[in-house]
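Coordinate inspection notes
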Amino acid sequence: MVELYMRYIARFNRPASVLIVFLLLLCSNPTHAEPWRTEPISPIVKNSMEAQRQSIDDLVRRHFGRQLNGQKDNDIALIQRLLDENIVTSKDVRQLQSMGLILGQILKSQRGLSWIIYIDKYGRSKALQLTGFEKEFIFPVTQISRKAEVGIRVNVAKVYQELEQAVIDIRNKPPF
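One numbering rule holds for all chains: residues counted from 1, following each sequence as written. Thresholds applied to this predicted model are a pLDDT of at least 70 for local features of residues and 80 or more for the giving and counting of side-chain atom pairs; totals over whole chains, interfaces and linings are not thresholded and use all residues. For the side-chain quantities, the full set of heavy atoms in the structure was used; hydrogens and water were omitted.

**Let's talk about the overall build of the protein chain**
Short version of the rule: In DSSP terms, a helix is any run of H or I states spanning at least four residues, a strand is any run of E spanning at least two, and both are numbered starting from the N terminus. Buried means the residue's accessible area, taken with a 1.4 Å probe over protein chains only, is under 20% of the maximum for its type, while exposed means over 50%, and partly exposed covers the values in between. Note on areas: Shrake-Rupley with a 1.4 Å probe; residue coverage comes only from the protein chains shown.
The secondary structure content of the protein chain amounts to 7 helices and 4 strands. Ordering the α and β elements of the protein chain from the N terminus gives α-α-β-α-α-α-β-β-β-α-α. Residue burial in the protein chain is summarised as follows: out of 176 residues, 34% are buried. A total of about 11,300 Å² of accessible surface is found on the protein chain, and carbon and sulfur atoms cover 54% of it.

The following block contains the structure:
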């Protein structure tokens, strides 16, 4: 197929023809397209993440007179209490995902991870990436919401422990 395009370019030798052929080459073989890719977190996404964290902190302050402080035990206990007291329910998907984001922030600070945007055929997701592991990701944002949406009682400490264990497992995995 490339040969056919090259003959076309040689025959007409016009800049527009070259552009068309180039675009056709890019689109002609979708099997070589990456199944996923990553992007750095943009300032807009950072602001959105901070707004999500702030929304949960506002609920905690309003209902319990306390605040999120980035400390694992404190924040997990407050998130659990929001769930146990039905202040955040299974219908509050955005708030549930904000709670997952908070767990991700704790994990990031304790385990030296980095937030990235993971893009695949299903869309864009916030994910944590381990330094030195280009193809290994942790997706904390939906960990609470997926359980709550199907009626499972969420044990926030256990969710965090599972995320932490996933990081340990990745780091301990042999390089081959």
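There is more to say, and it comes next.
**Re the pairing of strand β3 (residues 123-130)**
Note the following rule: Should DSSP find at least two bridges between two strands, the strands are taken to pair.
One ladder, built from 8 bridges, connects strand β2 (residues 113-120) with β3; its direction is antiparallel. When the sheet's bridge partners are listed, Ile116 is paired in β3 with Ala127. Turn length for the β2-β3 hairpin, with the two strands adjacent in sequence and antiparallel, is 2 residues. As judged from the 2 bridges shared by β3 and strand β4 (residues 137-138), these two strands associate in the antiparallel manner. Counterpart to Gln129 in the pairing with β4 is Phe137. Between β3 and β4, which follow one another and run antiparallel, lie 6 residues, and Gly132 among them has a positive phi close to 90°.

**A look at helix α3 (residues 43-64)**
Quick note on the threshold: Expected helix span is computed as 1.5 Å times (number of residues minus one). Read the arc as the range of directions from the helix axis to the C-beta atoms.
With 22 residues, α3 should reach 32 Å at 1.5 Å per residue; the first-to-last C-alpha distance of 31 Å fits that figure. Taken together, the buried positions of α3 are Val45, Met49, Gln52, Ile56, Asp57, Leu59, Val60 and Phe64. Viewed along the axis of α3, the buried residues span an arc of 150°, placing them on a single side of the element. Away from its buried face by more than 90 degrees, α3 exposes Pro43, Ile44, Asn47 and Arg62. Immediately downstream of α3, the backbone of Gly65 shows phi near 65°, a positive value.

**Describing the nonpolar core**
Test applied: Remark: nonpolar core denotes a set of buried residues (Ala, Val, Leu, Ile, Met, Phe, Trp, Tyr, Cys) joined through side-chain atoms within 4.5 Å. Residues are treated as being in contact if the distance between any of their heavy atoms lies within 4.5 Å.
Membership of the largest hydrophobic core comes to 38 residues, with the highest contact counts inside it found for Leu83, Met99, Leu103 and Ile144. Those elements that provide at least two residues to this core are α3, α4 (72-84), α5 (93-111), β2, β3, α6 (143-149) and α7 (156-172). Among the elements that take part in this core, α5 stands out by supplying 7 residues, more than any other. In this view, Ile144 contacts Ile79, Leu83, Leu96, Met99, Gly100, Leu103, Val154, Val156 and Val159; residues no more than four positions away in its chain are not counted.

**Structural notes on the packing of aromatic side chains**
Test applied: To pair, rings of Phe, Tyr and Trp, with the six-membered ring standing in for Trp, must have centres within 6.5 Å; the planes then decide the type, stacked if under 30 degrees apart, edge-to-face if over 60, and tilted in the middle.
Tallied over the full model, the rule gives 5 aromatic pairs. Relative to Phe137, the ring of Trp36 has its centre 5.3 Å away and its plane inclined at 80°; by these criteria the two rings are edge-to-face. Of this pair, Trp36 sits in strand β1 (residues 36-40) while Phe137 sits in strand β4, placing them 101 residues apart in sequence. You can call Trp36 partly exposed: its relative accessible area is 24%. Their ring planes at 85° and their centres at 5.2 Å tell us that Tyr118 and Phe139 sit as a pair that is edge-to-face. Residue Tyr118 is located in strand β2, and its partner Phe139 is located in the loop between β4 and α6; the two are separated by 21 residues in the primary sequence. Tyr118 gets classed as buried once you look at its relative accessible area, which sits at 13%. Residue Phe139 is classed as partly exposed on the basis of its relative accessible area of 30%. Joined through ring pairs, the aromatic side chains of Trp36, Tyr118, Phe137 and Phe139 make up one cluster.

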